[in-house]
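Here is what each chain is made of, one letter per residue.
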Amino acid sequence: MEYVSPFDERTRGSDPLAPRSGDLAGKRVALLDITKPRGDEFLDRVDALLRERGATTFRARKEIFSKPAAAAVIEEVGAADLVVEGLAD
Amino acid sequence: MTASTSRSSDLAPDFELTSTGSGATRLTDLRASGPAILVFVSEECPTSTLALRRLAPVATGLVESGIVVMPIFEDAPEIAARVARRTGWPGPVLSEPPPYETSRAYRLESLPTTVLVDRDGRIVSTVVGWDRDDLNALLAAATALVDAPAPSLTDEPPLRKPGCGAKNSYDPETIATLSSGGTDELEEMFERGWTDGLPVVPPTPERVAAMLGGRDPGASVGAVPPGMGEATLERVAACAVLAGCKPAYFPVVLAAVEAALDPAFNLNGQAVTTQSAGQLVIVNGPIRDAIGLNSGMGVLGPGWRANMTIGRALRLVVTLTGEGAPGRLDRSALGQPGKLGFCIAEDEESSPWESLHVERGFARDASVVTLVASDAPTSISDHQSRTPEDLAWVLGWGAASSWSANWWPLGATSLYVICPEHAALFAQAGWTKDDVRQAMFEAVRRPARELRRGETTSLVQASDPDAIVTKWTSPAEIMLIAAGGEAGRFSALLGPCLGMANQVVSRPVDWTP
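Each chain carries its own residue numbering, running from 1 in the written order of its sequence. Each chain gets a letter, beginning with A, and each ligand a number, beginning with 1, in the order they are written. Thresholds applied to this predicted model are a pLDDT of at least 70 for local features of residues and 80 or more for the giving and counting of side-chain atom pairs; totals over whole chains, interfaces and linings are not thresholded and use all residues. To get the side-chain values, all heavy atoms of the structure are used, and hydrogens and water are removed first.

### Looking at the packing of aromatic side chains
Residues and elements named next belong to chain B. Aromatic contacts are taken between Phe, Tyr and Trp rings whose centres are within 6.5 Å, Trp giving its six-membered ring; a plane angle under 30 degrees counts as stacked, one over 60 as edge-to-face, and the others as tilted. Counted by the stated rule, this structure contains nine aromatic pairs over all chains. Relative to Tyr106, the ring of Phe15 lies with its centre 6.4 Å away and its plane at 55°, an arrangement referred to as tilted. In this pair, Phe15 is assigned in the loop between strand 1 (4-6) and strand 2 (16-19) and Tyr106 in the loop between helix 4 (101-105) and strand 7 (110-111), connecting sequence segments 91 residues apart. Burial classification: accessible surface area is computed with a 1.4 Å probe over protein chains only, and a residue below 20% of its type maximum counts as buried, one above 50% as exposed, and the rest as partly exposed. You can call Phe15 buried: its relative accessible area is 4%. Classification of Tyr106 as buried rests on a relative accessible area of 11%. Between Phe40 and Tyr106, the ring centres sit 5.1 Å apart and the planes meet at 50°, which makes this aromatic pair tilted. On the criterion of sequence distance, the pair formed by Phe40 in strand 4 (residues 36-41) and Tyr106 in the loop between helix 4 and strand 7 is long-range, its members being 66 residues apart. Residue Phe40 is classed as buried on the basis of its relative accessible area, which comes to 1%. What links up through ring pairs into an aromatic cluster is the set Phe15, Phe40 and Tyr106. Only DSSP runs of H or I covering at least 4 residues are called helices, and only runs of E covering at least 2 are called strands; the numbering of each starts at the N terminus.

Written out as structure tokens, the structure reads:
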């Protein structure tokens, strides 16, 4: 039996994982704050741990956690070698 | 035993087949990124599904090593997608329709047949049937081509199992018999995942065409969060069919989807939040009576096809086209019954006030949908107030613990459904909607020191202990509509969805009587 799919089948594949970087030394890491309460405290701790391992870090911030990041924010974090984003509060 | 391994330097015939992931796919596309393992299978063959189930656990690792693993079904795309789901296959699959030219080009006699093709397009190894040791050897040969460790297939029995006849070798009458189906189509909808957990109406091309009513099936309403599937009219119509809508409801469904996809509504946030809120559809105007939408007794509950199925159609668009299935991208901790679908009409005829769509700037005779991000309703009983002040106080304080007991102010829309008897009491006193809103706003206030337990707002935390805090930021956060049964002094509060920076959104329904 033939049916009309409610799905957009083009969106249903899975993307492969990006290559693992292995070593953090010398890497530039974006810490993306999505503005959830206390997310900054979490990122402060991650920041310290990354720096201990030789990475440099910078912060980026979404306007609000419940909406997609603005193109400028995506571009900003896209310039990093790695991105750390925390969810929820 | 039909399993065997052969080695050959034959070139693998190229093909172009339909993918469940990204449209047409050629062998040259597949091997552009590395060696390719082609697994020829079919729905009816138990050895094929065994092979897919057992290859699935190692497929992701192979893909991460740069090896393409691609099942090729001698079945229609829908069937291929269904079997792939059932077997837990982690990626897209290809579909080869009759007359099975690709299978013929590979001279397949039996399925499954697994073929390893190297980067240059040469066939390195072929395994027919399920043979765990031979397939392990094929996987080792594949991983050796990319210097990756070889995975190991499960050693659960059976270690060897003969395959089934390949369809390309069947006679035309047998092929016609096989493709006639015979499955229970209601059960098939569950197997496909085309459901919200309740039975659905299968979206046959005939039903979808009737729902579309001559509209362009390929026209798009927009991308549906969170998965950003494109809501073509055909897919929206398929959801309306699945939900049980009549074609006469479709203009309302379309307007609801348009409103939901307005960025100001922030469906993206609502679709994935841990909160319980769903999308409430409120309908105003003459289309209510034309399609039998209920605005009276039992308005917030079941019993009316138009109410139940229009709300459900919108939710299916979010859940299926938008991939926002509960427990997957939808992370709602509790959910709520309204997320199955929630559509009501305003009782404009018995309301003493301007109806919602007129308040929002539409003509009185326009048909309009208004979408509200809304939590489940809570009914508020008041059979004893005899003054509008008392009634506004009772209804207002009904919202005091909305969201959380000490979360003041809400900073988001609270929707009240005012029953006819409550509306009449306000009307007899000459109170407008603004009068009611203002009285409710002023009634619900407490000193900050009483609001400092557990979850509370930054405003309360920063306030002087004796400072007065209101439940709403302003009266404008209180939305009122008239609906419900003529007897029984119960109104209802529908709490907000917070943190969404969203707005209530209205869209006119493209409909003429």
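The discussion continues.
### Some details on the state of the cysteines
Residues and elements named next belong to chain B. Only a pair of cysteine sulfur atoms within 2.5 Å counts as a disulfide in this structure description. Evaluated as defined, the whole model comprises one disulfide over all chains. Linked covalently through their sulfurs, Cys45 and Cys164 form a disulfide whose S-S length is 2.2 Å. With the S-S dihedral at roughly 75°, the linkage between Cys45 and Cys164 falls on the right-handed side. Of this pair, Cys45 sits in the loop between strand 4 and helix 2 (46-64) while Cys164 sits in strand 12 (residues 164-165), placing them 119 residues apart in sequence. For Cys45, a relative accessible area of 2% gives the class buried. Free of any disulfide, Cys239 has its nearest cysteine sulfur in Cys245, 9.7 Å distant. For Cys245, a relative accessible area of 7% puts it in the buried group.

### Things to note about unusual backbone geometry
Here B:Pro157 and B:Pro158 are connected by a cis peptide whose omega angle stands at 0°. Looking at the element boundaries, B:Pro158 is found in the loop between helix 5 (132-144) and strand 11 (160-161). Cis geometry is adopted by the peptide bond preceding B:Pro409, which originates at B:Trp408 and carries an omega value of -10°. At A:Thr35, a position not held by glycine, the phi torsion is positive, near 75°. One can find A:Thr35 in the loop between strand 1 (28-33) and helix 1 (39-52). We note that A:Arg38 has phi near 70°; this positive angle belongs to a residue other than glycine. Looking at where A:Arg38 falls in the secondary structure, it is placed in the loop between strand 1 and helix 1.

### Things to note about the pattern of salt bridges
Residue and element names in this part refer to chain B. What makes a salt bridge here is a side-chain nitrogen of Lys or Arg within 4 Å of a carboxyl oxygen of Asp or Glu, nothing more. Under the criterion given, the structure shown has 36 salt bridges over all chains. We note a salt bridge from Arg446 to Glu450, for which the minimum N-O separation is 3.2 Å. Taking relative accessible area as the criterion, Arg446 reaches 23% and is therefore assigned partly exposed. A cluster of three or more residues bridged by salt bridges with shared partners is formed by Glu43, Glu78, Arg82, Arg86, Glu188, Glu191 and Arg192.

### Section: the confidence of the model for chain B
Across chain B, the average pLDDT comes to 94, with 96% of residues at or above 70. pLDDT is a residue-level measure of predictor confidence that goes from 0 to 100. Every residue pair with non-hydrogen atoms within 4.5 Å of one another is taken to be in contact. Note that pLDDT drops below 50 for residues 1-8 of chain B; the model gives that stretch 26 contacts with residues more than four away or on any other chain.

### Some points on the interface of chain A and chain B
Contacts between the two partners involve 19 residues from chain A and, on the opposite side, 35 residues from chain B. Buried area: the accessible area, evaluated with a 1.4 Å probe, that two parts lose upon being put together, summed over both parts. Between chain A and chain B the total buried area reaches about 2400 Å² when both faces are included, carbon and sulfur atoms providing 53% of it. Ionic pairing is found between A:Asp8 and B:Arg235, a salt bridge with its closest N-O pair at 3.7 Å. Any pair of nitrogen or oxygen atoms within 3.5 Å is treated as a polar contact; in protein, a donor-acceptor pairing is required on top of that, and neighbouring residues in sequence qualify only through side-chain atoms on both sides. Run the count over chain A and chain B and you get nine residue pairs in polar contact (both at pLDDT 80 or more). Any residue outside Ala, Val, Leu, Ile, Met, Phe, Trp, Tyr, Cys, Pro, Asp, Glu, Lys and Arg is labelled polar, Gly included; the first ten of those are nonpolar and the last four are charged. Looking at the side of chain A that touches chain B residue by residue, the classes come out as nine nonpolar, four polar and six charged.

### Here's the deal with the pairing of strand 22 (residues 478-482) of chain B
Counting buried positions over the five residues of strand 22 of chain B gives five, a clear majority of the element. Covered by surrounding structure in strand 22 of chain B are B:Ile478, B:Leu480 and B:Ala482 together with B:Met479 and B:Ile481, the residues of both alternating faces.

### A closer look at the packing of helix 3 (residues 77-86) of chain B against helix 7 (residues 185-192) of chain B
All names here are of chain B. The N-to-C vectors of helix 3 and helix 7 enclose an angle of 60°; their axes lie 9 Å apart at closest approach. As judged from the angle between their axes, helix 3 and helix 7 are oblique. Residue-level contacts link Glu78, Arg82, Arg85 and Arg86 of helix 3 to Glu188, Glu191 and Arg192 of helix 7. Looking at the contact of helix 3 with helix 7, its residues break down into no nonpolar, no polar and seven charged. For helices, the fitted line uses only the C-alpha atoms of the stretch in contact; every axis is such a line through C-alpha atoms, and the angle between N-to-C directions lies from 0 to 180 degrees. Throughout, the term roughly parallel applies to angles under 35 degrees, roughly antiparallel to angles over 145, roughly perpendicular to angles from 65 to 115, and oblique to all others.

### Side note on the sheet that holds strand 1 of chain A
Paired through their backbone hydrogen bonds, the strands of a sheet run either parallel or antiparallel. Residues and elements named next belong to chain A. Two strands are counted as paired when DSSP detects at least two bridges linking them. Across the sheet, which stays open at both edges, the three strands sit in the order 2-1-3 with parallel pairing between neighbours. The sheet is open, and its two edges are formed by strand 2 (56-61) and strand 3 (82-85), each paired on a single side. Neighbour-to-neighbour, the strand axes of the sheet open up by a mean angle of 25°, direction not taken into account. With four bridges connecting them, strand 1 and strand 3 associate as parallel partners. What sits directly across from Leu32, in strand 3, is Glu85. Taken strand by strand, helix 1 contacts strand 1, strand 2 and strand 3, and its axis lies near 170° from that of strand 1. Strands in contact with helix 2 (residues 71-78) are strand 1, strand 2 and strand 3; relative to strand 2, the strand with the most contacts, it is inclined by about 170°.

### Regarding the sheet that holds strand 24 (residues 505-508) of chain B
All names here are of chain B. What the four strands build is an open sheet, ordered 16-15-17-24; its pairing is mixed. Where the open sheet ends on each side, the last strands, each with one partner, are strand 16 (342-345) and strand 24. On average, each strand axis in the sheet is inclined to that of its neighbour by 25°, with strand direction left out of account. Relative to strand 17 (residues 368-374), strand 15 (residues 278-284) runs antiparallel, the two sharing seven bridges. Bridge pairing in strand 17 places Gln279 opposite Ala373. Those strands touched by helix 10 (residues 250-260) are strand 15, strand 17 and strand 24, and its axis lies near 50° from that of strand 17.

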